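# Examination of the molecular architecture
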Amino acid sequence: MFNRRKFIKASALSAGLLAVDKSSIANAIPVQKKNTAANFPIVISTWDFGIAANADAWKVLSKGGKALDAVEQGVWVPEADEKNQTVGYGGLPDRDGKVTLDACIMDENGNCGAVLALEHIKHPISVARKVMEKTPHVMLAGEGALQFALEQGFKKENLLTPASEKAWKEWLKTSKYEPTMNIENKLYDKAAPQKLPGNQYNHDTIGMLAIDAKGNISGACTTSGMAYKLRGRIGDSPLIGAGLFVDNEVGGATSTGVGEEVVRNVGSFLVVELMRQGYSPEAACKEAVMRIIKKKPETAKNIQVGFLAINKKGEYGAYAIQQGFSYAVCNAEKQDLLIKGKSYY
């Protein structure tokens, strides 16, 4: 048996050996460095017109600005583009000829704001931000959203352009209401291939995600909704967790396409939670797409839904049901990168 003195001596010797062992291990095995934010800042967005939107967001990010300011400024571009018939000014109206806009925004602290079925305001994303910052609410809709916007100093204007009005009157001849897959690619003459997938003429909901130099994530999503929709229809775009979700510990996700199916699966929240479990951004987007396909395989053959995601490391990826979905990436290395998203079909 050890006496007290021998026990103390043995313990001291063991401690010394352990210290030497730890030191040896530390010198023998390189310690993995923490993320040095080399991937930051970065901004990504849906569709090819995201290139121009990213460029404006980059003006904020490249100067050390906040991701929240960047995504708001970035999506202003398609919101103000009258040639873009599925976002903001110039958007195709509902079946009654009214242009109604939906948008939401979310910051790194989980704060969020949204407007639904907003009329007469060119930049719904900025109204959504005001809802987030100036009210105790998350969402304002219809006339209430318009009233709030006007009280906040936004200008009331006609959003129905001659081109969109003409298209609506042409639709009235048949009034056939149905979701059209990749409609952003079918609004133009198929005889002009330069206006088909992968160029500045493609248009759809824009979802944007950004990480600033401090590693904080924010996101924005804005749209004029499905063309010739039923009056009052709301898709996924302004719904936190469906069209957009951000968790600053994990990453962010956004969606595009037929919003009803995204809502049914709480798509963007699902993508972020999958990334929390260790999925890569692309793998998480693919799993969310597969949930839609598994639940409604026949419906999925004739609709488009795409997800875009970025994780806390600045890694990004996307996946869609159908071909034709693309996304834009902007960082210090390249400001106009356009990537063809992978798809199931």
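The present account deals with the structure reproduced in this document.

Parameters and conventions
- Residues numbered from 1 in each chain as written.
- Predicted model: local features only at pLDDT ≥ 70, side-chain atom pairs only at ≥ 80, totals over all residues.
- Heavy atoms only, no water.
- Pairing = 2+ DSSP bridges.
- Helix = DSSP H or I, 4+ residues; strand = E, 2+ residues; numbered from the N terminus.
- Axes fitted to C-alpha atoms, helices over the stretch in contact; angles between N-to-C directions.
- Buried < 20%, exposed > 50% of the residue type's maximum accessible area, 1.4 Å probe, protein only.
- Salt bridge = Lys/Arg side-chain N within 4 Å of Asp/Glu carboxyl O.

### Side note on the sheet that holds strand E6 (residues 217–223)
- Taken in spatial order, the eight strands make up an open sheet running E4-E3-E2-E6-E5-E1-E11-E12, and their pairing is mixed. Since the sheet does not close on itself, it has two edges, and those belong to strand E4 (139–141) and strand E12 (337–340), each with one partner. Each neighbouring strand pair of the sheet contributes to a mean axis angle of 10 degrees, computed without reference to strand direction.
- Sheet topology places strand E5 (residues 206–211) next to E6; six bridges connect them, and they run antiparallel.

### Notes on unusual backbone geometry
- Put simply, Phe40 and Pro41 share a cis peptide bond, and its omega is -10 degrees.
- Positive phi values are uncommon outside glycine, yet Tyr228 reaches one of about 60 degrees.
- Secondary-structure assignment places Tyr228 in the loop between E6 and strand E7 (244–247).
- According to the relative accessible area criterion, Tyr228 is buried, its value standing at 11%.
- In this structure, Val266 is a non-glycine residue whose phi angle is positive, near 45 degrees.
- As for its placement among the helices and strands, Val266 is situated in the loop between helix H8 (259–264) and helix H9 (267–276).

### Structural notes on the pairing of strand E10 (residues 316–320)
- Taken across its five residues, E10 has four buried, putting it largely inside the fold.
- For strand E9 (residues 305–311) and E10, the ladder comprises five bridges, and the chain directions are antiparallel. When the sheet's bridge partners are listed, Ile310 is paired in E10 with Tyr316.
- Counted along the chain from E9 to the antiparallel partner E10, the turn is four residues long, and its residue Gly314 has a positive phi close to 90 degrees.
- Two strands pair when backbone bridges link them, and E10 and strand E13 (residues 342–343) are joined in this way by two bridges, in the parallel orientation. From the neighbouring strand, Ala320 faces E13, where its bridge partner is Ser343.

### Regarding the pattern of salt bridges
- On inspection of all chains with the given rule, the structure shows 18 salt bridges.
- In this structure, Glu261 engages Arg264 in a salt bridge whose closest nitrogen and oxygen atoms are separated by 2.4 Å. Separated by three residues within a single helix, Glu261 and Arg264 lie in helix H8, roughly one turn from each other.
- Among the residues examined, Arg264 registers a relative accessible area of 47% and is labelled partly exposed.
- A salt bridge links Glu287 to Arg291, with the nearest nitrogen and oxygen atoms 3.0 Å apart. Linking Glu287 with Arg291, this pair stays in helix H10 (residues 281–295), spanning four residues, or about one helical turn.

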